[in-house]
Amino acid sequence: MLKSIISLFSIIIIINQVAISQIDKSDWEGGYPEGCTSITVGKNASADGSVMTSHTDDSHRTRSWVDIQPAKTHQSGETVTMYKRVSTDSLAMPAYAHKPIGTIPQVDKTYGFINTAYPCMNTEQLAMGESTFGGREELQSDAGLIDCQRLCQLMLERCTTARDAIKMADELTKKYGWNDAGECLTIADPKEVWHFEIVGPGKGKVGAVWAAQRVPDDHIAVNANASTIKFIDLKDKDYFMASENIYSVAKENGWFSGDENHFQFCYAYAPESRESVAARRREWRVFDLLAPSLHLDPNDKDYPFSVKPDKPVSLQDMSMVFHDYYEGTPYDMTRRITTTDKDGNTVVSPLANPFMPYDQLTIDNVPGGWYSENHETGKITFLGERTIARWYTMYATIIQCRADLPDEVGGVVWLAMDNVANSIYVPVYCSATDLPAPYKTPGRVNGYTRESAWWAFNRLGTLAAQRWGDMRHDLDAVWGPWQQQLFENQIEIESKAMELYEEENPEKAVELLNNYTDEWGNKVVKKAWELGDFLWTKYDEKF
């Protein structure tokens, strides 16, 4: 326990040695964000009436541990510390430090929440995903106090609905300022889900520019590191909201002129994000998997903000999408790494894998539409394809918000550690009071440890990538049935929880759900270590 406490505070200890840049791009590739994917589902587009949001925290630095922060009552005059996130390489592995830069007033009471690196759900079934899109460099302002991770936490601590969270974000960023790059938060409650896109007000200024668009109840949407909000109709208050300066900042800077009916948020404030093949390919793939009848062009530049899926989207469907790496398409990076089988046929080599580090792509001559350019030297580096499943995922969530159940049972975060393609989602209810110990154990700041859930799955994924064509089947043979069992068991475990809840014993219902999470969390971590050992043994001398 002492080691965990020390590691949690170690970042704070070293922050004074870290220089602060305006935007820390150490987690970007080729100067552009390529970190996270978030898919949202309206209540009439889901198989069970859930409103869903989601997130893959794809990062080379973000923390890998998760804990539960309880509801709190605060004294008059208390403040909340705001931090600037900066990269640090002084720990066991690349990580982030968080430097205090100021405070804002605290409120009387705050809700409890599930404390992932980007806090993801509170006890009132308010939930969110996240994806960075960057935006125009000149918009970022160090005069602001609030960054993305802090805003996520403030929303969950202080709000119960998506609309209230957006309105609160407007109030706080007006007064204290946004200091981060362009971000999209996908904010859900039991009734609806919104995409909230925010950028800074300009160098040296305090404030923010933002737009928010609601996903229609019978639609799905996606953000994959590119701004997707285009035309906005502020007269239609059921679907659009925006900051007061939404048009004026663009006009002052010469990014837009003319009729406001022709204004497009993404092209005014983040035009380069719409050029990103890494983003657009994922947008296409999500829509193509869930709405294939649309026959969208994989090389298109502008997809709809949202689409109606061909059939109601289930948890299984969401999991399938987050496992995806374009297999069976022209964008599958394994397809040209071939060998000859015993019958003389040319087949994809079992050593080919879709999770190659960037420097391996050149060695294996892997094609792809994604590249970065060094603007000083003109050198172009090809990066293959930016898949949905990614080897540097820290954690992933699929979140359900359900109006037909009390908050204690209705809100659930399906949590997976590391690369979703090698992992399994376990349920963590928004009423959770604790998590299994391995999930709370830091992984990166202290280096390799068998105490950490993230390391169990990171090690397993790293091993599986060495002979992906064969080892993937060993993983699927275990995780596939277990994942299906977890999804199918949801009705049964929640029915038992509701029996306790309706007997006026919500504490017992919460305890039941907590124990269920603890049982499965520890079970899958133990199995991940065992599977890693199994792969070492079965494939000795084969990779």
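Our structure is the block above this text.
Figured I'd write up the structure that's included with this text. (Residues numbered from 1 in each chain as written. Predicted model: local features only at pLDDT ≥ 70, side-chain atom pairs only at ≥ 80, totals over all residues. Heavy atoms only, no water.)

## Structural notes on the pattern of salt bridges
Selection rule: Think of a salt bridge as a Lys or Arg side-chain nitrogen and an Asp or Glu carboxyl oxygen that are within 4 Å of each other. Secondary structure elements follow DSSP: runs of H or I of four or more residues count as helices, runs of E of two or more count as strands, with numbering from the N terminus. For every residue, the accessible area (1.4 Å probe, protein chains only) is compared with the maximum for its type, and the residue is labelled buried under 20%, exposed over 50%, or partly exposed between those bounds.
Enumeration according to the criterion identifies 33 salt bridges in this entry. Between D317 and K311 there is a salt bridge, with its nearest N and O atoms 2.9 Å apart. Residue R402 is joined to E494 by a salt bridge in which the shortest nitrogen-to-oxygen separation is 2.8 Å. Taken together, the positions of R402 in the loop between β21 (393-401) and α9 (407-410) and E494 in helix α12 (residues 468-502) put the pair 92 residues apart, joining distant regions of the chain. Looking at R402, the relative accessible area reads 5%, which means it is buried. One connected set of salt bridges, linked through shared partners, spans R163, E192, R214, D217 and D238.

## What about the packing of helix α11 (residues 453-464) against α12?
The line we're drawing: Angular values range over 0 to 180 degrees, each being the angle between N-to-C directions of two axes fitted as lines to C-alpha atoms, with helices fitted over their stretch in contact. Roughly parallel means an angle under 35 degrees; roughly antiparallel means over 145; roughly perpendicular covers 65 to 115; every other angle is labelled oblique. Here, two residues are considered to be in contact whenever any of their heavy atoms come within 4.5 Å of each other. Any residue that is not Ala, Val, Leu, Ile, Met, Phe, Trp, Tyr, Cys, Pro, Asp, Glu, Lys or Arg is counted as polar, Gly included; the first ten are nonpolar and the last four charged.
Close contact between α11 and α12 brings their axes to 9 Å; oriented N to C, the two are set at 140°. Classified by the angle between their axes, α11 and α12 sit oblique to one another. Side by side, α11 and α12 meet where F457, L460, L463 and A464 of the first sit next to W468, M471, L475 and W479 of the second. Its residues assigned to classes, the contact of α11 with α12 comprises 8 nonpolar, no polar and no charged.

## Looking at a nonpolar patch on the surface
What counts, and what does not: Only residues whose relative accessible area exceeds 30% and that form no salt bridge are eligible for patches; like-charged ones are grouped when within 9 Å, while nonpolar side chains (Val, Leu, Ile, Met, Phe, Trp, Tyr) are grouped when within 5 Å. Per-residue accessibility takes into account occlusion by the displayed protein chains alone, with areas from the Shrake-Rupley method and a 1.4 Å probe.
Residues L351, W536 and F543 make up a contiguous nonpolar surface patch of roughly 310 Å² in combined accessible area. Tracing the backbone shows F543 in the segment after α13 (506-538).

## Here we look at the pairing of strand β11 (residues 182-188)
Operational definition: At least two DSSP bridges between two strands are required for those strands to pair.
Burial of β11 is extensive: 7 of the 7 residues sit out of reach of the surface. Burial of β11 is two-sided: the residues G182, C184, T186 and A188 facing one way and the residues E183, L185 and I187 facing the other way are all buried. Pairing analysis gives 7 bridges linking strand β10 (residues 127-134) to β11, with the strands arranged antiparallel. Bridge pairing in β11 links M128 to I187. Where β11 lies against strand β12 (residues 193-199), 6 bridges are found, and the strand directions are antiparallel. When the sheet's bridge partners are listed, I187 is paired in β12 with W194. What sits between the antiparallel neighbours β11 and β12 is a turn of 4 residues.

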